[in-house]
Amino acid sequence: MRTRAALAAAASVTLVMLGFGLAGCSGDSSPLPPKAGGPSASAPVDAGAPGAVDTSCNPRASLRPSGALPAPGQMPAGSTMAVIQKRGRLILGTSQDTLLFSSRNPFSGKVEGFDVDMARQIAQAIFGDPDKIQIKVIGYDKRVSSVVDGSVDIVADTMTANCARWKDVDFSTIYYNAGQKVLVNSTSDAKSIDDLGGKKVCAASGSTSYDNIAKVPTKPIAVAKPAFGDCLVAFQQNQVDAISTDDTILAGMAAQDPYAKVIGPRFTDEPYGMATSKKTPDFTRFVNAVLEKNKQNGTWAATYKRWLGAFGAPPKPPKAEYQ
Ligand code: GLU
């Protein structure tokens, strides 16, 4: 039987494979991830949900699609989609260590998952080819700033649409409903996050989870790491007692660690939207039209089955809400 120490070593090797070993021959242009303690560890964190929850908006309500979708390859002149079409690729910002949603396949070197497929379907609608996509690997704390500075067209990265973020970026309609839970050692007696007062609980910088841990009345100690892959290594090396994030992300971690279990009810709602620039509302409307079509024609359900089918039959896709 493998010990947790052996597992920690294996996890480190896996992360090296995921993040470093194959990045140079990956076939996409994903850069290497930021190193622990590197820029993203100290850089200002994009607003998640600091302090009290901002309820000044309906974060699920996006921009209504305008008319029928143009045919792939025939984006209307003057539109943001025409600019992307001319460039020849859609630029997606995402993670490379969120198993099932966006993680680097160590065999192919490609970043893949439910989130990546959501963006590939946008590329399909623009070009008629889902491969016309460039993936930029970004930290969670760069999801808002990468959209704002225009270095990516869109972020699909288990990103919660919330009012704090809506101030800086637009979101598509909701494409997945997640919620926050906790991962602990399989021998732990804890039943929920409330039982972890005074314990070290890891989350990624710039994630909503990090802020939510600090709000738990029993006062767990929130520990920030650049990415959730770093949290998993810290957990396996006993540097932290638990990891708290969306149940989706924890499911991917539990699948990699037989000595871990996910506990408790969801203690937050984390509706996922794709982030787009406030300067390109035509693109946001286009993305919403593609989502609407794919939720209706079965593409969303097929994507769910492909990546999340192990958790059961696909639920109904989240219903679109518009402003
Ligand atoms: N959905 C979260 C966010 O957008 C990511 C995961 C987390 O917060 O832990 O920040």
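Below is a short write-up of the structure. (Residues numbered from 1 in each chain as written. Predicted model: local features only at pLDDT ≥ 70, side-chain atom pairs only at ≥ 80, totals over all residues. Heavy atoms only, no water.)

Our focus in this paragraph is empty space enclosed by the protein. Counted according to the given criterion, the structure contains 2 cavities of 30 Å³ or more. Taken as a whole, the largest cavity encloses approximately 60 Å³ of empty space. Taken together, 13 residues line the largest cavity, and the ones lying closest to its centre are R143, T158, S207, T208 and D246. Contributions of two or more residues to the lining of the largest cavity are made by helix 7 (208-214) and strand 13 (242-246). (1 Å grid on protein atoms, 1.4 Å probe; cavity = no way out; pocket = protein on both sides within 12 Å on 5 of 7 lines; lining within 4 Å. Points joined across faces, edges and corners; volume = space filled by probe spheres on them. Helix = DSSP H or I, 4+ residues; strand = E, 2+ residues; numbered from the N terminus.)

The subject of this paragraph is the state of the cysteines. Formally, a disulfide is one covalent bond, and it connects the sulfur atom of one cysteine to the sulfur atom of another. Counting across every chain of the model gives 2 disulfides. Disulfide pairing is shown between C57 and C163; the S-S distance is 2.1 Å. Here C57 and C163 share a disulfide; its torsion about the S-S bond, -105°, makes the bridge left-handed. Of this pair, C57 sits in the loop between helix 2 (39-42) and strand 1 (61-62) while C163 is found in helix 6 (residues 163-166), placing the two residues 106 residues apart along the sequence. What makes C163 buried here is its relative accessible area of 4%. Across the disulfide from C202 sits C231; the S-S distance is 2.1 Å. Where C202 bonds to C231 through sulfur, the torsion about that S-S bond is close to -80°, and the disulfide is left-handed. Taken together, the positions of C202 in strand 11 (residues 200-204) and C231 in helix 8 (residues 228-236) put the pair 29 residues apart, joining distant regions of the chain. By the burial criterion, C202 is buried, and C231 matches it. Described in terms of the sequence order of its bonded cysteines, the disulfide pattern of the protein chain is 1-2, 3-4. (Disulfide = S-S within 2.5 Å. Buried < 20%, exposed > 50% of the residue type's maximum accessible area, 1.4 Å probe, protein only.)

Our focus in this paragraph is unusual backbone geometry. You will see that L100, though not glycine, has its phi angle at about 85°, which is positive. Despite not being glycine, N238 has its phi angle at roughly 60°, a positive value. Classification of N238 by relative accessible area gives exposed; the value is 58%.

Summed over all chains, the structure comprises 7 salt bridges. R306 is the partner of D117 in a salt bridge, and the nearest nitrogen-oxygen pair spans 3.0 Å. Note that D117 is positioned in helix 4 (residues 114-127) and R306 in helix 11 (residues 299-308), a separation of 189 residues in sequence. Residue R306 is classed as exposed on the basis of its relative accessible area of 54%. In this structure, R266 engages D247 in a salt bridge whose closest nitrogen and oxygen atoms are separated by 2.5 Å. Remark: D247 occurs in helix 9 (residues 247-254) and R266 occurs in the loop between strand 14 (260-263) and strand 15 (270-272); sequence separation between them is 19 residues. Residue classification places R266 among the partly exposed positions, given a relative accessible area of 40%. Look at D247 and you get buried, because its relative accessible area is 15%. (Salt bridge = Lys/Arg side-chain N within 4 Å of Asp/Glu carboxyl O.)

That's the geometry; what it means functionally is another story.
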